[in-house]
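Coordinate inspection notes
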Amino acid sequence: MRKTAIISSILILFLSACQTDKDLKGTWIGDYSLSFNSENLDMPFAIQNLMTFENNKVYAQGSFRNFGTNQIRESKRMLFSEKIIFNDQHHEDNPSEAYEIVKVNSDSLVVKTPINEHLHIYRKLSEKLKNNQKVELIGKTFSWQNEIFQDTIYFVTDSTFTRKSIKDPRFKTSRWERINHKGFDILFLDGDVPYLIENKKEKTIELRTFHKTELKLTMTELE
């Protein structure tokens, strides 16, 4: 009887792990992180990073300020393990990076960093959002518009851009980057959440973010 109970427990754990793996499978885009100070106040920060779970491995890619865009980082995730470790030997050129899975459902993933207890929230990307259109940005000016904000943005070079809304001369230019992660066309703007380039129709580029709720926006090229 005891042997049967042990076998049943192992089977339940196995099925639970399989379900978790099923939920995790696919690509997740960074949303925001929360750090808790001594007064227990939430301080949200944008996460410029993506993670893809496939074949019992995790592949991650971020912006220049989030572990660099020049490579895809790989981590092995073992069955029954809730830890994701990319690198545990810290040095200046390759900082340590490890997470513990706190919660996962069909569209939201929460992980935490064991060292400082920061929570990181990711959103699931649908495979339908992959884009292989040729979208040019460098040297172009766009009218930037969503439901709550409007601006003009100019991509000066392959790494710098300006916003009409920024008047402070100390911040005249900011950094931008663009990556293709597992078929997803991603735009990083300094200090902002990642943007998914979804589609292009004539002179208008359609993008979206996944900050708590999906927010669609457009960039329309100006002459």
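This is a predicted model, so every value here is computed, not measured. (Residues numbered from 1 in each chain as written. Predicted model: local features only at pLDDT ≥ 70, side-chain atom pairs only at ≥ 80, totals over all residues. Heavy atoms only, no water.)

**Describing the sheet that holds strand S11 (residues 150–155)**
Two pairing modes exist for strands in a sheet, parallel and antiparallel, and in both the strands are linked by backbone hydrogen bonds. Test applied: Each pair of strands is called paired provided DSSP finds at least two bridges between the two strands. Only runs of H or I of at least four residues qualify as helices and only runs of E of at least two qualify as strands under DSSP, and these elements are numbered from the N terminus. Lines fitted to C-alpha atoms define the axes here, with helix axes fitted over just the stretch in contact, and angles between the N-to-C directions of these axes take values from 0 to 180 degrees.
Read around the closed barrel, the 8 strands follow the order S10-S11-S12-S13-S14-S15-S16-S17; overall the barrel is antiparallel. Averaged over all pairs of adjacent strands, the angle between their axes in this sheet comes to 35°, without regard to strand direction. Pairing of strand S14 (residues 184–189) with strand S15 (residues 195–201), which is carried by 2 bridges, proceeds in the antiparallel orientation. Across the sheet, residue Leu187 finds its bridge partner in S15, namely Tyr195.

**Let's talk about the packing of aromatic side chains**
Rule in force here: Any Phe, Tyr or Trp ring, taking Trp's six-membered ring, that has another such ring centre within 6.5 Å forms a pair; planes under 30 degrees apart are called stacked, those over 60 apart edge-to-face, and the others tilted. Burial classes: relative accessible area under 20% of the type maximum marks a residue as buried, over 50% as exposed, and values in between as partly exposed (1.4 Å probe, protein chains only). Think of it as a cone above the ring: NZ of Lys or CZ of Arg counts as a charge over the ring if it is within 6 Å of the ring centre and within 35 degrees of the ring normal.
Applying the stated criterion to the full structure yields 5 aromatic pairs. Between the aromatic rings of Phe86 and Tyr99, the centroid separation amounts to 6.3 Å while the plane-to-plane angle is 80°, which identifies the pairing as edge-to-face. Pair noted here: Phe86 is in strand S6 (residues 83–87) and Tyr99 is in strand S7 (residues 97–104), with a separation of 13 residues, a long-range link. Taken as a pair, Phe86 and Tyr99 share a single burial class, namely buried. Ring plane angle 80° and centroid distance 5.1 Å describe the contact between Trp144 and Tyr195, whose orientation is recorded as edge-to-face. Linking Trp144 in strand S10 (residues 141–146) with Tyr195 in strand S15, this pair joins segments that are 51 residues apart in sequence. Summarising the burial analysis for this pair, Trp144 and Tyr195 share the class buried. Taken together, the ring pairs connect Phe142, Phe155, Phe161 and Trp176 into an aromatic cluster. Over the ring of Phe86 we find Arg73; its NZ or CZ atom is 5.4 Å from the centre of that ring. Over the ring of Phe64 we find Arg175; its NZ or CZ atom is 4.1 Å from the centre of that ring.

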